[in-house]
Amino acid sequence: MDPDKLFEDVFEKYCAHFNPGLARLVTFAGFGIEMEAEGCIITDHEGRRFIDCLGGYGTFALGHRHPKVVEAVKRQLDSLALSGKAFLTKQVADLAAKLAEITPEGLEYCFFCNSGTEAVEAALKFAKATTGRSRFVSTEGSYHGKTIGALSVTGREKYRKPFEPLLPGVAFVPYGDAAAAVAAIDDKTAAMIVEPVQGEGGIIVPPDGYLRELRKACDAHGALLIADEVQSGLGRSGYLFACEHDGISPDLMPLAKSLGGGVMPLGVVIGTQAVWDAVFGPNPLAHTSTFGGNALACAAGLAALEVLLSENLTERSRVLGAKMKAAFEEVARRHADLVLEVRGRGLMIGVEFRMDEVGEIVVAQLMKHGVCVAYALNNPRVLRFEPPLIIGEDLVAQVVEALDSALSETESLLAELV
Ligand SMILES: *Cc1c(COP(=O)(O)O)cnc(C)c1O
């Protein structure tokens, strides 16, 4: 099909039957139709190739269609795809055991689902059942998902407002402010939920020891600590789990995004024996999911963990992330009029601008240079770079050069405006 015709057809159907505003937003930023993706490269309908630095918000840690994950899924398809639910599933058993082995101490039991928001939803329910309490403490600027429960603890007014009233009894405290969290956690708190590094909030790294303070306050009041590692987990931050930076174990840890190896949707919440006893002791069917723990997704998860661990991608994320951040900082110094700060941990890097409008222009300019990025959902001043952990140094160098050029062009565009 002729590329222009194809684009027109897709765009019109989006406008008539899917989401007209989204279609305009995406195409205005210069994005076309995603036709193919392999490794770090996405190809659009015009055959333009982009280095994927958005990485599906952290989904593509192994790049697109990693051959070992694709192979595992293809092999699984030949015997069992979705699970019958009445039987036990080997892939569930193997993946749960593997996750218990690699996650922080005390996290022993898995509940499988299909997305991050479902994993958070389960964590909130489990915290309520375990403590017999219903109040939560969360942080401003946080992102935990968009189903009612997860949205109730998401710290962004814009997404919450149209759907209120949400769950009652949620207090929001400034992110990274341990004293504020400690003051908010009390004997009525079921759990504090926190991202070890805020993703959608704009790649915000908390002060050292922040999670330790939260851990202590939760313990003092019999509240649970939920570390939402949906985005920061599985090597992204240069640690296998970002909460390892502070050396703590949460009671519940939702994971999703890269867990399915960038090939299958897969989420999990992993928790302690005490939580599982409280939730599933009285009723093994207390929380269930029809598709959760299906054989295909678990096979993808097992293959993904195998690649992540055997190829030392966490270490790679730490080393390459530090290099990329240093290179970005040098670029930022040349464009200090636009860039306020470069920050992040591992290959989770944010570039914050001084003005709101700049982010959108830089995204469009970067597209012209063959780099795909986006600004953070909860903080449009921040461009978020989350390339595949397998990205090569040559591609990183191209991204750094593209950012330098995009910032120069943005300066010229802004100069023309005034
Ligand atoms: C993306 C994200 C979620 C929600 O995951 P979905 O799969 O989009 O539902 C939850 N928490 C964090 C930290 C996330 O980044």
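Residues numbered from 1 in each chain as written. Predicted model: local features only at pLDDT ≥ 70, side-chain atom pairs only at ≥ 80, totals over all residues. Heavy atoms only, no water.

- Per an unreviewed UniProt entry, the protein chain goes by Aspartate aminotransferase family protein and derives from Fimbriimonas ginsengisoli.
- Under Cofactor (unreviewed entry), UniProt gives the following word-for-word description of the protein chain: "pyridoxal 5'-phosphate".
- UniProt lists a comment for the protein chain under the heading Sequence similarities (unreviewed entry), and it reads "Belongs to the class-III pyridoxal-phosphate-dependent aminotransferase family." (UniProt positions renumbered as here; feature names shortened; annotations may be inferred.)

### Focus on the site of the ligand
In step 1: Around the ligand, the structure places Ser115, Gly116, Thr117, Tyr143, His144, Gly145, Glu195, Asp228, Val230, Gln231 and Lys257.
In step 2: Taking Thr117, its main chain carries an N or O atom lying 2.8 Å from an oxygen atom of the ligand.
In step 3: Take Tyr143: an N or O atom from its main chain is 3.3 Å from a nitrogen atom of the ligand.
In step 4: In isolation the ligand offers 380 Å² of accessible surface; the protein chains occlude 84% of this area. (Near = heavy atom within 4 Å. Polar contact = N/O pair within 3.5 Å; in protein donor to acceptor, adjacent residues only side chain to side chain. Areas by Shrake-Rupley, 256 points an atom, 1.4 Å probe, with all protein chains shown as cover.)

### With respect to the pattern of salt bridges
In step 1: Under the definition given, this model contains 23 salt bridges.
In step 2: The salt bridge partner of Lys98 is Glu101, with a shortest N-O separation of 3.4 Å. Highlighted residues: Lys98 and Glu101, both in helix α5 (residues 90-102), separated by three residues, approximately one helical turn.
In step 3: Its relative accessible area of 56% is what places Glu101 among the exposed residues.
In step 4: The structure contains a network of salt bridges with shared partners spanning Glu200, Arg236, Arg384 and Glu386. (Salt bridge = Lys/Arg side-chain N within 4 Å of Asp/Glu carboxyl O. Helix = DSSP H or I, 4+ residues; strand = E, 2+ residues; numbered from the N terminus. Buried < 20%, exposed > 50% of the residue type's maximum accessible area, 1.4 Å probe, protein only.)

### Here we look at helix α4 (residues 67-77)
In step 1: Those residues of α4 that fall on the buried side of the exposure criterion are Val69, Ala72, Val73 and Gln76. Taken around the axis of α4, the buried residues stretch over an arc of 95°, which confines them to a single face. Seen from the open side of α4, the exposed residues pointing more than 90 degrees away from its buried face are Pro67, Lys74, Arg75 and Leu77.
In step 2: Those residues of α4 that are buried are in contact with α5 and α12 (295-310). (Arc of directions from axis to C-beta. Contact = heavy atoms within 4.5 Å.)

### Examining the layout of surface pockets
In step 1: Each pocket or cavity is described by its volume, and for the second largest pocket that value is around 710 Å³.
In step 2: Contributing elements (two or more residues each) for the lining of the second largest pocket: α5, β4 (109-113) and α11 (273-280).
In step 3: Of all the elements, β4 adds the most residues to the lining of the second largest pocket, at four residues.
In step 4: In terms of residue class, the lining of the second largest pocket is made up of 13 nonpolar, seven polar and one charged. (1 Å grid on protein atoms, 1.4 Å probe; cavity = no way out; pocket = protein on both sides within 12 Å on 5 of 7 lines; lining within 4 Å. Points joined across faces, edges and corners; volume = space filled by probe spheres on them. Nonpolar A, V, L, I, M, F, W, Y, C, P; charged D, E, K, R; others polar.)

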